[in-house]
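# Summary of structural features
The chain contents come next:
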Amino acid sequence: MIVGTAGHIDHGKTALVKALTGTDADRLAEEKARGITIELGFAYADLGGGKVTGFVDVPGHERFVHTMLAGVGGIDLALLVIAADDGIMPQTLEHLAILDLLDVSGAIVALTKSDLVGPERIAAREQEIAALLAPTHFAGAPVIAVSSLSGAGIAELRDALAAAEARVAARARAGRFRMAVDRSFVLGGAGVVVTGTVLSGEVAVGDHILISPSQLPARVRGIHMQNRKSDTGFAGQRCALNLAGEEISRDVITRGDVAMDPALHAPSQRLDIRLRLLASEPKPVITWTPARLHIGAAEVGARIVPLGGPLHPGEARLVQLVLDQPVAATAGDHLILRDVSARRTMGGGRVIDPHGPPRKRARPERLAQLVAAEHADPAEALAALAQSPAALVDLPVFLRDRALTAAQGAALLEQTGLILLDQIAVTRHRRDALQAESAALLAAHHGENPDLQGMAREALRLRLVPRLPQPAFMALMRAEAASGRIVLDGSFLRLPDHKPRLSTDDEALYTRIAQELGGETRFRPPRVRDFATTSGNDEAEVRRILRMAARQGRVDLVARDHFFLRATTIEMAAIIRRLGAASETGWFTAPAFRDEVNNGRKVAIEILDFFDRHGLTLRRGDLRRVNPHRIDLFSAEEPVP
């Protein structure tokens with residue numbers, strides 16, 4: 001368990017931590033000289049249950065609230081310290097509001113300096129504290145009168161902390177590793193050490209991690225968990241990681257960075273959240289209201305964009321935060337907003353989508369998507385997103401944004417009953433609807449264009465609602481082809497019973513033309529005018545027949561009036577794939593292709609330009625390579641009409 005102190009300056013937080021643990025958390029010379037806490041302090045103790053409890057001691061001065069916020073993120077229990085002689089003070093109120101906004105699970109109130117007042121004053125303070133806590137989720141929290149000087153009440157407080165520790169549920173260790181860095185220093189003989197609270201997952205000695213958002217790779221050389229040497233560190237514990245790496249130094253890792261599993265690195269400057277504005281705010285929040293964002297141990301400038309009109313004091317509403325610099329955030333992270341002068345806390349909330357869109361962020365469909373994603377339980381969020389108007393859930397992104405593993409993703413699919421189209425999770429009902437819509441669109445296209453080979457793949461994809469990403473669309477189409485419901489025909493799609501036909505006379509002429517286009521000269525067939533001259537046919541008629549055959553997928557118009565049989569196109573595409581595979585870099589030249597097909601340079605270039613246009617090849621100067629996203633175009637597995 002991790003306990004974080006909170007309370008007004010000079011109310012005895014550091015002295016109380018020392019009385020509980022025996023450790024003076026004030027480590028800086030300036031803190032000793034001034035008698036106040038300036039930086040975060042840490043102490044550890046076994047409260048009697050056999051476990052090591054970590055204490056984070058935070059400053060109480062209003063000038064150091066930003067430091068306090070860096071320390072209370074990720075704590076399990078708040079130890080709210082109120083001096084019996086002073087009572088409730090301004091920083092007591094602000095710290096309590098922050099803890100309430102952060103949804104810290106529980107609290108114990110320590111009424112310090114109780115030896116300085118009588119029983120009547122203590123009873124009055126207890127009533128004041130009960131009234132203060134009543135509107136928060138800390139209502140009914142125990143209040144224990146203590147004296148760090150005499151030791152009165154310390155044993156009772158320690159017992160209360162031990163009882164609370166027994167009730168704190170262990171955090172899940174199955175997710176990917178994330179740790180919010182709150183300190184970075186160099187230890188003699190060891191090197192760079194970073195400390196922080198592990199937010200999710202676990203880390204082991206020897207693991208390769210990443211410091212985000214700066215994207216610095218590092219290797220874990222050693223771990224201290226809860227101030228003890230360990231081979232692992234896991235969620236809910238304070239850890240010190242001894243890091244090694246070419247770019248790792250004390251200066252490049254700062255408070256606010258996140259040590260994480262490299263798969264989670266995806267910094268963002270737009271966070272969609274639900275913001276609860278404190279009732280004490282003097283005016284509503286409007287578009288582009290400036291603020292200071294505190295998330296994890298990070299502090300950055302932000303602009304608030306309400307997604308539905310001004311946000312009034314005391315309200316909670318969806319907003320987008322546009323940040324001055326990127327942060328490493330995940331869905332579910334709690335945050336606090338303070339005013340730009342750092343004099344007051346404005347409100348707080350929880351991240352819903354760490355990668356909010358820059359446009360159309362307030363459309364009804366987007367707002368419905370955010371409401372669906374708000375569920376804290378990943379299975380509920382995934383199921384709700386799949387039922388939302390967007391209907392398509394990019395599963396790898398969903399898992400990354402929640403620090404979940406691929407194994408957890410597979411379990412979520414089984415739990416929710418969703419299926420994958422490539423990497424897109426959809427409901428079975430949505431998949432069936434897309435199948436039916438595809439068949440209906442193809443049938444309509446065949447009815448309107450009976451002489452055409454079929455419908456272009458991209459044309460069908462763009463007409464489906466919702467619009468699938470290209471890989472997911474092709475996964476759906478391949479599944480449909482495997483079931484026999486559609487036919488993949490080159491870059492076209494058609495229903496199995498659709499067979500475009502030429503008239504008898506046209507078919508007879510096409511048969512004569514096809515003979516000239518095939519055989520030994522298939523890689524350098526005659527052009528339209530050449531065939532018309534040698535065969536004695538009308539040039540316009542030959543061109544008409546070939547254009548109709550091209551629409552049916554029987555031939556391809558490679559260049560002006562230069563048609564190739566589809567079988568030849570498939571053969572040339574195979575040659576291109578072979579040239580790419582044979583090259584160490586994947587790039588090949590036009591002369592290499594020309595030599596394979598044994599035709600002139602001009603015709604070879606025209607053929608390669610044709611494949612460029614269709615996307616099978618990518619060009620860079622005089623070099624080309626196969627486009628991995630369109631590698632299946634003109635494949636030998638596709639039927640030749």
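In case you missed it, the structure is sitting above this.
The following refers to the structure shown. Note that the coordinates shown come from a computational prediction; the quantities given were computed from them, not determined experimentally. (Residues numbered from 1 in each chain as written. Predicted model: local features only at pLDDT ≥ 70, side-chain atom pairs only at ≥ 80, totals over all residues. Heavy atoms only, no water.)

It is worth spelling out the overall build of the chain at this point. Each helix and strand in the chain was counted, giving 19 helices and 32 strands. Against the compact-globule benchmark of 26 Å for 641 residues, the chain has a radius of gyration of 34 Å, which places it well outside the compact range. For the chain, the residues scored as buried account for 52% of the 641 residues in total. A sequence separation of at least 24 residues applies to 66% of the contacts in the chain between residues at least 6 apart. Averaging the locations of the 77 positively and 77 negatively charged side chains of the chain gives two centres separated by 4 Å. (Helix = DSSP H or I, 4+ residues; strand = E, 2+ residues; numbered from the N terminus. Rg over C-alpha atoms; globule rule 2.2 N^0.38 Å. Buried < 20%, exposed > 50% of the residue type's maximum accessible area, 1.4 Å probe, protein only. Contact = heavy atoms within 4.5 Å. Lys, Arg positive; Asp, Glu negative; His and termini not counted. Charge placed at Lys NZ, Arg CZ, Asp CG, Glu CD.)

This part covers helix α16 (residues 539–551). Note that an α-helix has 3.6 residues per turn; residues three or four places apart therefore point the same way. The terminal C-alpha atoms of α16 lie 18 Å apart, and with 13 residues this matches the ideal 18 Å at 1.5 Å per residue to within 8%. Those residues of α16 lying buried are Val542, Arg543, Ile545, Leu546, Met548, Ala549 and Ala550. The inward-facing, buried residues of α16 contact α14 (504–517), α15 (528–535), β28 (555–559) and β29 (562–565). Directly beyond the C-terminal end of α16, a positive phi value near 85° is found at Gly553. (Expected span 1.5 Å × (residues − 1).)

Attention now moves to the pattern of salt bridges. Under the counting rule described, the total for this entry stands at 33 salt bridges. With a shortest N-O distance of 2.5 Å, Arg366 and Asp272 are connected by a salt bridge. Taken together, the residues span a long stretch of sequence, with Arg366 in helix α7 (residues 364–373) and Asp272 in strand β16 (residues 268–277) at a distance of 94 residues. In this structure, Arg366 and Asp272 share a single accessibility class: buried. Here Glu365 and Arg363 are joined by a salt bridge, their closest N and O atoms 3.7 Å apart. Classification of Glu365 as partly exposed rests on a relative accessible area of 40%. Relative accessible area serves as the criterion here: at 40%, Arg363 is assigned to the partly exposed category. (Salt bridge = Lys/Arg side-chain N within 4 Å of Asp/Glu carboxyl O.)

The geometry of α14 relative to α16 is characterised by a closest axis approach of 10 Å and an angle of 85° between their N-to-C directions. Taken together, the axis directions place α14 and α16 in an arrangement best described as roughly perpendicular. Contact residues: α14 offers Asp506, Leu509, Tyr510, Ile513 and Leu517, while α16 offers Glu541, Val542, Arg544, Ile545, Leu546, Met548 and Ala549. Along the lines of polarity and charge, the residues of the contact of α14 with α16 split into 9 nonpolar, no polar and 3 charged. (Axes fitted to C-alpha atoms, helices over the stretch in contact; angles between N-to-C directions. Parallel < 35°, antiparallel > 145°, perpendicular 65-115°, else oblique. Nonpolar A, V, L, I, M, F, W, Y, C, P; charged D, E, K, R; others polar.)

Another point: the packing of α15 against α16. Closest axis-to-axis distance for the α15/α16 pair is 9 Å, and the angle between their directions is 125°. Comparing their axes, α16 and α15 come out oblique. For the pair α15 and α16, the crossing hand works out as right-handed. For the pair α15 and α16, contact is made by Val528, Arg529, Phe531 and Ala532 and by Glu539, Val542, Arg543 and Leu546, respectively. Class assignment for the residues of the contact of α15 with α16 results in 5 nonpolar, no polar and 3 charged. (Left-handed = near helix turned anticlockwise from the far one by under 90°.)

Moving on, we come to the environment of Val81. Note that Val81 resides in strand β4 (residues 77–83). Distance in space between the C-alpha atoms of Val81 and Thr14 is 9.9 Å, their sequence separation being 67 residues.

Moving on to the sheet that holds strand β1 (residues 2–6). In spatial order, the strands read β2-β3-β1-β4-β5-β6; together these 6 strands make up an open sheet with mixed pairing. The open sheet has two edge strands, β2 (41–46) and β6 (143–145), and neither has a second partner. With direction set aside, neighbouring strand axes in the sheet form an average angle of 25°. Seen against the sheet, helix α4 (residues 90–101) touches β1 and β4 and runs at an angle of roughly 170° to β4. (Pairing = 2+ DSSP bridges.)

Let us look at the nonpolar core. Membership of the largest hydrophobic core comes to 35 residues, with the highest contact counts inside it found for Val72, Leu99 and Leu133. Breaking this core down by element, the ones donating at least two residues are β1, α3 (65–72), β4, α4, β5 (106–112) and α5 (119–133). At 5 residues, α4 tops the list of elements feeding residues into this core. Once residues lying within four places of it in the same chain are set aside, the contact partners of Val72 are Thr5, Val58, Ile98, Leu99 and Leu102. (Core = buried A, V, L, I, M, F, W, Y, C linked by side-chain atoms within 4.5 Å.)

Read these as spatial facts, not as claims about activity.
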